[in-house]
Amino acid sequence: MRALPCVFLSIAAGIAVVGAIGSSHTIGQSAGSDGSPAGKIAPWVLEYTANGERAEFIVVITDQADLSGAAALTTKMEKGRYVYDALRNKSKATQTLILQWLHNRGIEHQSFYIVNAILVRGSREIAEALAARQDVARVEGNPQIKNILPQPDAIAEAPSPAQRPETIEPGINYTHAPDVWALGFKGQGITVGGADTGARWTHNALKPHYRGWDGQNADHNYNWHDSIHDSIGNPCGNDSSVPCDDIGHGTHTIGTAIGDDGVGNQIGMAPSAKWIGCRNMDQGNGTPARYLECMEWFLAPYPIGGGQGDPLKAPDITSNSWHCPPSEGCSLNTLQAAVEAQAAAGIMTVVRADSTGPSCSTMEDPPSIYAASYTVGALNTGTDNVASFSSRGPVIIDESNRIKPDITAPGTNIRSSYNGSDSDYEILSGTSMATPHIAGAMALLWCARPELRRDISTSRTVLNEAAFFLAYKQCGTPGPPNNVVGWGRVDISAAVPTPPVNPTCTPFPCFQPVELREHFDDVTPPGLPPDWTATNAQGPPPLWVTSDSGVPMPPADTLPNAAFIDDPAVVSDKLLDSLAIFLPPAPLSLTFRHNFNLEASGEDPNLGFDGGVLELSTDGGNTFQDILAAGGTFVIGGYNRTISADRGSPITGRRAWSGNSEGFVTTVVNLPLFLPLDSRLRWRMASDTTGSNEGWRLDTIDITGCAPIPCPTPTPTETPTPPATPTATVTATASSTPTATPSATPTATTTATPTITPRPTPTARPNVTPRSRPTPAPRP
């Protein structure tokens, strides 16, 4: 293999390559290393530096940063900054002498941070001199990797209006993503990074979702990076300053994650998410250094041409449909610390399984083999049969015997955007196509359940346990998980619970369903329903009102009305108190729909300036506290930002709803157990000293549960009959007193149906009720 020339950044150039390094203090020598200089050099380096040849190799420093402290941090800002600083500080402290040595000898080199390592182009003598140093752990190769990328199965370019798809792509439907969209969660507030062959950013299905496009102007700084510096004849050239795809694969994969052109091509899992991109392959050809450079840029993106990195601009999720096979010279652990650094910073690294199935233990290539990678196998779309090309575990190449893949998704006949034109669509098959389905599914999960963002382990557990399990006995035990499909076929709707509606209490005859509802539709705007109270604790009018006009359109979840409050440019504290909750003591669930567009930071996705909170009073409205502090738990649609502590907001420092929900979304809250009568809810919107936005709309409020009632004394009869099941519905109306309507409904048989029960305090997998899993017959 001929090592292509590479562009290197010396320390004298002063150009920062931003990134992070691995999670352990030291990196051990390769398996079989004897500690001698020659024993620390990878066989690929020895082969390609024979006979006086020069080659590119990666010098891995022994001392690596300790990132364990990031686990205790919660926000993206805290995690990202901690990891970025720790890695940069470690590399600066440990690379200086080696960089000076290389600079003095005029040896081409490039410093990395995401792994404490230096890329060098040199001879065998240089490799041996570096390996002889005690501060060098090993010298690994930088081979060119040929990724065999999927080719189009059929052409679907520029469909005419009459032929334009009217339905969601089958693979997207197969994951049940549209069920989550129906709750209002389409990935808003989440950014997906695509590491691939680039992207045609002007494509109709991608441009509206590109983070660098504001609807009128493009800004590629912090949103695009090109790690291809030495290509010959590439259609995108080298160091492209605008997003470009040299072969189409990257345009296809990012389209499956987030794509939607708004006129029928619903190709993406999370169509309200944003995307950014990094080109790490030259028409399919990758190298470990190119891969590292993109992972480093994702950790803390920097402007076009270099500069200071910003961890706050890191994506939440990265989609990686590429590999680095040891059979072509990649060392097993070159990329491991980089994947672990992303996880420490709260970035979910989604990786394709290898495509060398169907034999067992064909999962051999980094990064799919790593525990920190969320590895995706492929199913034949529309079936629960694993694709023949999808690689299987267990992973034996590193002697870990690790179960892989972790999860599976549709991977055959996937139609998505392509790079031929702005309306080009192609059909591809591969584990590359399955991977962005999972990246998009994670975006939906983090959109609907903000408390899981940056919690990599719990988020994987939630998605895994919600998957439709497929028992395969090939390559080990059927599981779950197993070495063919992992935890099974992704089912994102099962990971995002649906709101309870009109609960039944059977088979518990001594319970009755209870419900309290308010849709704000039986009043004339701006009046509020009876016993609902609006006050301003601080700031000028207006108060909360009902509204049947304004933004968004329609302005209510259930027409004609919704409750509404503005978001002013002054300090305010606007309160909307519900009528008293006169429901029998019972486990209760609150569901409501709301649309918020409240001033928030455009730089820090975790920071809000103006925001809304939900509070609860258990003493008749005398005192209120946050619903979480009162013992409630969010099931879906919880708080998504923290209110800035330095702008004068009355709810400064609190978690709240802030930013733009981009339409009505669903929030479900499990209320504290056994609320006393005359408890009240409060929706509270607070603004700070500057800035304003549309405001907050509230609609479709339902409180539901099952309340115990005295069990009737059985009456002996000659022929036993099933007991009557009393039911009662308490409905909020225009009067201040709820009305109860009991009805007895005897049935011939008793049928077990789901019941609403109190949810436990969240543990490792909060707010998810385990589903009974089907147990299909073991597959061959």
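## A look at the overall build of the chain
Helices and strands together make up the secondary structure of the chain, namely eleven helices and 36 strands. In the chain, which comprises 780 residues, the share counted as buried stands at 58%. Surface summary for the chain: the accessible area is close to 28,600 Å², and the carbon and sulfur share equals 55%.

## Points about helix α2 (residues 76-104)
The terminal C-alpha atoms of α2, which comprises 29 residues, lie 40 Å apart, in line with the 42 Å expected from a rise of 1.5 Å per residue. The sharpest bend along α2 reaches about 55° and sits at Gln95. Following α2 by one or two positions, Gly106 has its phi on the positive side, about 65°.

## A closer look at the sheet that holds strand β27 (residues 641-643)
With respect to topology, three strands assemble into an open sheet ordered β23-β27-β28, the strand pairing being mixed. One side of each edge strand has no neighbouring strand; the edge strands of this open sheet are β23 (607-608) and β28 (655-656). Pairing of β27 with β28, which is carried by two bridges, proceeds in the antiparallel orientation. Bridging from a neighbouring strand, Arg641 pairs with Ala656 of β28.

## Observations regarding the environment of Asn561
Checked against the element boundaries, Asn561 lands in the loop between β19 (545-547) and β20 (562-567). In sequence terms Asn561 and Leu698 are 137 residues apart; their C-alpha atoms lie 9.3 Å from each other. Ignoring anything within four residues of it in the chain, the contact list for Asn561 reads His519, Phe520, Asp521, Val523, Pro525, Ser547, Asp548, Ala556 and Asp699. Of note is the side chain of Asn561, whose polar atom sits 3.0 Å from the backbone oxygen of Val523.

## Quick notes on the state of the cysteines
Each disulfide is one covalent bond, formed between the sulfur atoms of two cysteines. Enumeration over the complete set of coordinates arrives at five disulfides. Here Cys324 engages in a disulfide with Cys330; their sulfurs sit 1.8 Å apart. A torsion of -65° about the S-S bond marks the disulfide between Cys324 and Cys330 as left-handed. When its relative accessible area of 2% is taken as the criterion, Cys324 is described as buried. According to the relative accessible area criterion, Cys330 is buried, its value standing at 5%. Disulfide pairing is shown between Cys360 and Cys475; the S-S distance is 2.0 Å. Every disulfide takes its handedness from the sign of the S-S torsion; for Cys360 and Cys475 that torsion is -85°, giving left-handed. Of this pair, Cys360 sits in the loop between β12 (348-352) and β13 (374-379) while Cys475 is found in the loop between α10 (456-466) and α11 (492-495), placing the two residues 115 residues apart along the sequence. Judged by relative accessible area, which is 13%, Cys475 ranks as buried.

## Here we look at the nonpolar core
Membership of the largest hydrophobic core comes to 97 residues, with the highest contact counts inside it found for Leu463, Ile492, Leu590, Leu614 and Trp683. The element best represented in this core is helix α9 (residues 431-448), accounting for eleven residues.

## A short note on the pattern of salt bridges
As enumerated under the stated definition, the model contains 31 salt bridges in all. A salt bridge links Glu515 to Arg517, with the shortest nitrogen-to-oxygen separation between them at 2.6 Å. Classification of Arg517 as partly exposed rests on a relative accessible area of 29%. One salt bridge connects Arg684 with Glu615, and the closest N-O pair in it is separated by 2.9 Å.

## Structural notes on the sheet that holds β12
Spatially, the seven strands line up as an open sheet ordered β8-β9-β7-β11-β12-β13-β14, and their pairing is parallel. Sheet topology places β8 (224-226) and β14 (407-410) at the edges, where each strand pairs with a single neighbour. The sheet shows a mean angle of 25° between the axes of neighbouring strands, direction not considered. With three bridges connecting them, β8 and strand β9 (residues 274-279) associate as parallel partners.

## Topic: the packing of helix α7 (residues 288-299) against helix α8 (residues 336-344)
The geometry of α7 relative to α8 is characterised by a closest axis approach of 10 Å and an angle of 15° between their N-to-C directions. As judged from the angle between their axes, α7 and α8 are roughly parallel. The hand of the α7/α8 crossing is left-handed. Touching Leu292, Met295, Phe298 and Leu299 of α7 are Ala338, Val339, Ala341 and Gln342, all from α8. Residue composition of the contact of α7 with α8, by class: seven nonpolar, one polar and no charged.

## Quick word on the pairing of strand β30 (residues 665-670)
β30 sits mainly inside the fold: six of its six residues count as buried. Here β30 shows a buried face lined by Val665, Thr667 and Val669 and a second buried face lined by Thr666, Val668 and Asn670. In this structure, strand β22 (residues 588-598) lies alongside β30, joined through six bridges in antiparallel fashion. Residue pairing across strands places Phe592 opposite Thr667, the latter belonging to β30. When strand β26 (residues 633-636) meets β30, the two strands line up antiparallel, connected through three bridges. In the sheet register, Phe634 faces β30, and the bridge partner there is Val669.

Cut-offs and rules
Residues numbered from 1 in each chain as written. Predicted model: local features only at pLDDT ≥ 70, side-chain atom pairs only at ≥ 80, totals over all residues. Heavy atoms only, no water. Helix = DSSP H or I, 4+ residues; strand = E, 2+ residues; numbered from the N terminus. Buried < 20%, exposed > 50% of the residue type's maximum accessible area, 1.4 Å probe, protein only. Areas by Shrake-Rupley, 256 points an atom, 1.4 Å probe, with all protein chains shown as cover. Expected span 1.5 Å × (residues − 1). Bend = angle between axes of the 7 residues up to and from the residue. Pairing = 2+ DSSP bridges. Contact = heavy atoms within 4.5 Å. Polar contact = N/O pair within 3.5 Å; in protein donor to acceptor, adjacent residues only side chain to side chain. Disulfide = S-S within 2.5 Å. Core = buried A, V, L, I, M, F, W, Y, C linked by side-chain atoms within 4.5 Å. Salt bridge = Lys/Arg side-chain N within 4 Å of Asp/Glu carboxyl O. Axes fitted to C-alpha atoms, helices over the stretch in contact; angles between N-to-C directions. Parallel < 35°, antiparallel > 145°, perpendicular 65-115°, else oblique. Left-handed = near helix turned anticlockwise from the far one by under 90°. Nonpolar A, V, L, I, M, F, W, Y, C, P; charged D, E, K, R; others polar.

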